[in-house]
Amino acid sequence: MQETSLHRLSRRDVFKWFAAAAVAMSAEEGVFAVGSGVPNPAGRGYGTDPDLTRDYKPGDIWPLTFDAPQRAAAAVLCDLIFPEDHLGPSASSLGVPAFIDEWISAPYPVQSADRPVVVEGLVWLDAEAGRRFKRGFAALDEDQRRAICDDICDLAKASPEHKKAARFFSKFRSLCAGGYFSTPPGWKAIGYVGNTPSATFDGPPPEALKKVGVEQTVG
Amino acid sequence: MAIITPSKTQPAYDVIIVGSGAGGGQAAYTLTLAGMKCVMLEAGRNYEPARETPMFQRPDQAPLRGLTTPEKPFGFYDSTIDGGWEVPGEPYTQASDKREEQFHWWRPRMLGGRTNHWGRISLRNGPYDFKPRSRDGLGFDWPIAYEDVDPYYTRVEQLIGVFGTNSGMENTPDSPEGVLMPPPKGRIAELLAQKFGRKMGVPFMPIHRAVLTRQQDWQGLPAKLHPDNPRAQRIVQEAMRARAACFWATDCGRGCSIGANYQSTTVHLPPALATGDLDILPNAHAREVLVNAEGKAVGVLYIDKATGKEMRVLGRAVILAASSGETVRILLNSNGGKGVANSSGLVGKYIMDTVGTSVAGQIPQLEDCPPHNEDGAGGAHFYAPWWGYKDQAAGQLDFPRGYHIETGGSRRMPSGANPVPEDFTRGLYGTRLKEAARRYYGSFVSYSCRGEMIPNEGSFCELDPALKDKWGIPVLRWHWKWSEHELRQVAHARKTFIELIQSMGGSMRSPESNNPLEYIEAGGKIIHEVGGAIMGADPKHSVCNQWNQTWDVKNLFLCDGSSFASNADKNPTLTIMALAWRAGDHLVEQAKKGNL
């Protein structure tokens, strides 16, 4: 469960995001406008000799970015992309939104470049939800969320006015997949088996060899 | 004796060893087990694999799911400390702005150096590889032949533990019966490459890697390695007993807390320390070899990184094993910047890396494969040794020398990167996205060329005329040049890989290119830098002799890759160790005769 849900936020906050989104939308070039309420990360990295055996959590090393509405929109979008189903739990239950927040808050070049894309994309989602349904994205029902996502989930097919949002969706889906499939339930979902000690290495089982049409050649 | 600080150094040692990786580790092992008192200088910090290795840590326990950053360029869990392509405060420079004329220098700053994270690929050079000029007129012959090194390859394989099979292939030497450990079974993508490679005449087979696939024969091997030396046998027995066999999980690049693979810190240094004859001085950055008026090495000038002060350590002989680049730098900076062991003018010349290029593909045949564990021995199980000698002899290839193929692609642990590319999941979200990821996961393969670079006049390093590091030591400036030989080689490799992928019914996923300069890996990127102080038969045309001993300074030995006169496609680490053992034996013999 997310700590904050959208409909409990004040009108004043809602107004602020819509204003921010309007600034973002006004940019003609680039993915979204850079710098519209998205300051560069101030934190330091983990250095060249971090403890590799510690259990780290997002926010342990550098401060996170998302404000409450962004966090709420990110959680809802994560779970639309990776819902709970027969292949495993939802993305938000695996900490994926926090991973994405950690990612865009990191003081490194690759991550910094994703920062405005993600933050302004989340703000756009809320603005778009407001335009279409008079509510924030997190407060929409599933069909309404899908109506927006269906317009931006395929970069090649997205209409010109949705190209920027589609680039955001593509980036967000990619981060989401990375965050999801790097957890034990995500491993199970994708079919990775391992990270466990074993007395022998038996190689691929007969059904795998048969499926691919090869034979084991090492005795 | 043990891990010490500068105030605890002895007044004098038999041998000072600079560097603690494959060469320095082997030298320390050989010399201390022979009873010589040694001190080892390491520019980085002490490192304890048993305590520090992240063995089962998951990506979701690491910052950024463990993905690479400039501070950990091979990922969070990679066993590289305080280094990578850049070392804070210790820059290097490029003579050219052009990408293809630059060299990228990987340096860790930790006990054990690069051996903590390396791929463990352990290949013997073959007979041709020591006499390349005699075969095709290019590069240089070594002053030694395969037969000189063969017994040392065997000893190193027995000491560190190497799995593999004897192929019987041309210039791909077999090990004596019983020396190699049994290879692990093939993974699904490796078996597929083997099946289709066979049709093209490309022989995929078990690779040789320094991973224990079973417990070492600790009762039998020490007597073979150290006949007539009961003390060494006893110490090595204990060290071998302390290593466990691989438990088939955890990528070798993280290092290994149970000593199941070779790294200097778990294989060479524990027995060397157990002799009581080794002091290890971490955080000691060697600056100069000190030479007396008679031209003999008497010690090493180093920076104590804890205080920033210049310190000295004295000894009867000096071994540099700091990596080719750093060894060259120390030689050139010695004698107040006038240099030592450089009457040939060749120190820094003929730097080589391995020739690299990769092609990625997607193979429909591998889709929807039943899930199974392919962690295996924490790295590659198969490779293809160079198979083209006959074609070359028949004049059918447009390049000399060879390359081997390393295979990628298996059901590896997904890290934090999106495991399935966007074009396979276009438009998808929700359960359909999960199903697509499950279908395509494990269907991506890659093939990498690891080939021989021929030394040339345009690839070298020298002291930068202006820039100094944070300790005030002049830094290296690199020059790089690929010749037509390397460019034609990668073109052949690329064509071969694309053909292999297509023969499997797959599609190529690397960017289209007809320009080898675009797809050859930049100099240094394979991290096999060798040369810079090559060995040879005469002092005018080489820096050291066949014993890794510099011509000019008799008690100065170079035991890393710097002495390599050529860089065969075989990964250099095993040869570095074999030659360091051989040089160590020679040094002990000379010391006994009073010749140092």
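It should be emphasised that the depicted structure is a prediction, and the values quoted were computed from it without experimental measurement.

J.: I'd like to hear about the overall build of chain A, residue by residue, with values.
T.: Summing up its helical and strand segments, chain A has eight helices and zero strands in all. Counting helices and strands in the order they occur from the N terminus, chain A gives α-α-α-α-α-α-α-α. Sequence separation of 24 or more characterises 62% of the internal contacts of chain A that already satisfy a separation of 6 or more. Taken as a whole, chain A presents about 10,100 Å² of accessible surface, with 54% of it coming from carbon and sulfur.

J.: Which residues make up the interface of chain A and chain B, and what values do they have?
T.: Facing 83 residues of chain A, the contacting portion of chain B comprises 83 residues. Between chain A and chain B, a total of about 6,600 Å² is buried, with carbon and sulfur atoms accounting for 61% of that surface. Linking chain A with chain B are four salt bridges, by the criterion used here. The shortest N-O distance in the salt bridge between Arg173(A) and Glu422(B) comes to 3.1 Å. There are 40 residue pairs in polar contact (both at pLDDT 80 or more) connecting chain A and chain B. Those elements that place two or more of their residues in the side of chain A that touches chain B are α2 (68–81), α3 (96–105), α4 (109–133), α5 (142–152), α6 (163–181), α7 (184–190) and α8 (206–212) of chain A. If one sorts the elements of the side of chain A that touches chain B by residue count, α6(A) sits on top with nine residues.

J.: Would you mind going over unusual backbone geometry in detail, with residue names and values included?
T.: Residue and element names in this part refer to chain B. For Trp 248, which is not glycine, the phi dihedral falls at a positive 60 degrees. Here Trp 248 shows up in the loop between α8 (230–241) and α9 (264–267). Residue classification places Trp 248 among the buried positions, given a relative accessible area of 6%. In this structure, Thr 250 is a non-glycine residue whose phi angle is positive, near 80 degrees. Among the secondary structure elements, Thr 250 is positioned in the loop between α8 and α9. Assessed through its relative accessible area of 12%, Thr 250 is described here as buried.

J.: Just give me the short version of the sheet that holds strand β12 (residues 444–451) of chain B, but keep the residues and values in it.
T.: Residue and element names in this part refer to chain B. Across the sheet, which stays open at both edges, the six strands sit in the order β4-β10-β11-β12-β9-β15 with antiparallel pairing between neighbours. Strands with a single pairing partner mark the edges of an open sheet, and in this sheet they are β4 (205–206) and β15 (507–508). Judged from the two bridges that link them, strand β9 (residues 355–362) and β15 form a sheet pairing that is antiparallel. Bridged to Gln 362 within β15 is Ser 507. Contacting β9, β11 (403–408), β12 and β15, helix α14 (residues 484–503) runs over the sheet at an angle of about 15 degrees to β9.

J.: An account of the nonpolar core is requested, with residue identities and associated values reported.
T.: One finds Ile160(B), Tyr447(B) and Leu556(B) to be the most contacted residues of the largest nonpolar core, which totals 117 residues. Apart from residues lying up to four places away in sequence, Tyr447(B) is in contact with Ala193(B), Phe204(B), Thr357(B), Ser358(B), Val359(B), Ile405(B), Glu406(B), Thr407(B), Phe497(B), Leu500(B), Ile501(B) and Met504(B). Cys78(A), Ala106(A), Ala138(A) and Ala177(A) belong to the second largest nonpolar core, which has 68 residues in total.

J.: Got a sec to walk through the side chain of Thr425(B)? Specific residues and values, please.
T.: When you line up the elements, Thr425(B) lands in the loop between β11 and α13 (431–440). Apart from the residues within four sequence positions on either side, Thr425(B) is in contact with Arg173(A), Val420(B), Leu433(B) and Ala436(B).

J.: Please provide a residue-by-residue account of the domain arrangement of chain B, values included.
T.: One frequently used descriptor of interface size is the decrease in accessible area upon assembly of the parts. All names here are of chain B. According to the domain assignment, chain B contains domain 1 (1–142 + 250–350 + 456–482 + 529–596) and domain 2 (179–206 + 355–451 + 483–519). On the domain 2 side, the residues contacting the 24 residues of domain 1 number 27 residues. Across the interface of domain 1 and domain 2, roughly 1,800 Å² is buried in total on both sides, 57% from carbon and sulfur atoms. On inspection of domain 1 and its partner domain 2, the count reaches two salt bridges. Here Asp 251 ties to Arg 412 by a salt bridge, and the two come within 2.8 Å at their closest N and O atoms.

J.: So what about the packing of aromatic side chains? Which residues, and what values?
T.: All names here are of chain B. For the coordinates displayed, the defined rule picks out 41 aromatic pairs over all chains. When the centroid spacing of 5.3 Å and the interplanar angle of 85 degrees are considered together, the rings of Tyr 128 and Tyr 389 count as edge-to-face. Placement of Tyr 128 in helix α3 (residues 127–130) and of Tyr 389 in helix α12 (residues 389–393) is noted, with a sequence separation of 261 residues between them. Residue Tyr 128 is classed as partly exposed on the basis of its relative accessible area, which comes to 24%. According to the relative accessible area criterion, Tyr 389 is buried, its value standing at 9%. Each residue in the set Tyr 128, Phe 204, Trp 386, Trp 387, Tyr 389, Phe 399, Tyr 403, Tyr 447 and Phe 497 is aromatic and connected to the rest through ring pairs, giving one cluster. Lying across the ring of Trp 105, Arg 107 places its NZ or CZ 4.4 Å from the centre. The cationic tip of Arg 241 hangs over the ring face of Trp 218; the distance from NZ or CZ to the ring centre is 4.3 Å.

J.: Describe the sheet that holds strand β3 (residues 93–94) of chain B, and please don't skip the residues or the numbers.
T.: Residues and elements named next belong to chain B. One open sheet holds the three strands; their spatial order is β3-β14-β13, and the pairing between them is mixed. Of all the strands in the sheet, just β3 and β13 (460–468) have a single pairing partner and so form its edges. Relative to the sheet, helix α11 (residues 324–333) contacts β13 and β14 (474–479), its axis offset from that of β14 by approximately 125 degrees.

J.: Go over the packing of α2(A) against α6(A), please, and point to the residues and values.
T.: Residues and elements named next belong to chain A. Contact geometry for α2 and α6: axes closest at 10 Å, N-to-C directions at 75 degrees. Accordingly, the angle class assigned to the pair α2 and α6 is roughly perpendicular. Residue-level contacts link Ala 74, Leu 77, Cys 78 and Ile 81 of α2 to Phe 168, Phe 169, Phe 172, Arg 173 and Cys 176 of α6.

Cut-offs used in this document
- Residues numbered from 1 in each chain as written.
- Chains lettered and ligands numbered in written order.
- Predicted model: local features only at pLDDT ≥ 70, side-chain atom pairs only at ≥ 80, totals over all residues.
- Heavy atoms only, no water.
- Helix = DSSP H or I, 4+ residues; strand = E, 2+ residues; numbered from the N terminus.
- Contact = heavy atoms within 4.5 Å.
- Areas by Shrake-Rupley, 256 points an atom, 1.4 Å probe, with all protein chains shown as cover.
- Buried area = accessible area lost by both parts, 1.4 Å probe.
- Salt bridge = Lys/Arg side-chain N within 4 Å of Asp/Glu carboxyl O.
- Polar contact = N/O pair within 3.5 Å; in protein donor to acceptor, adjacent residues only side chain to side chain.
- Buried < 20%, exposed > 50% of the residue type's maximum accessible area, 1.4 Å probe, protein only.
- Pairing = 2+ DSSP bridges.
- Axes fitted to C-alpha atoms, helices over the stretch in contact; angles between N-to-C directions.
- Core = buried A, V, L, I, M, F, W, Y, C linked by side-chain atoms within 4.5 Å.
- Domains from an automatic or database assignment.
- Phe/Tyr/Trp six-rings, centres within 6.5 Å; stacked < 30°, edge-to-face > 60°.
- Lys NZ or Arg CZ within 6 Å of the ring centre and 35° of its normal.
- Parallel < 35°, antiparallel > 145°, perpendicular 65-115°, else oblique.

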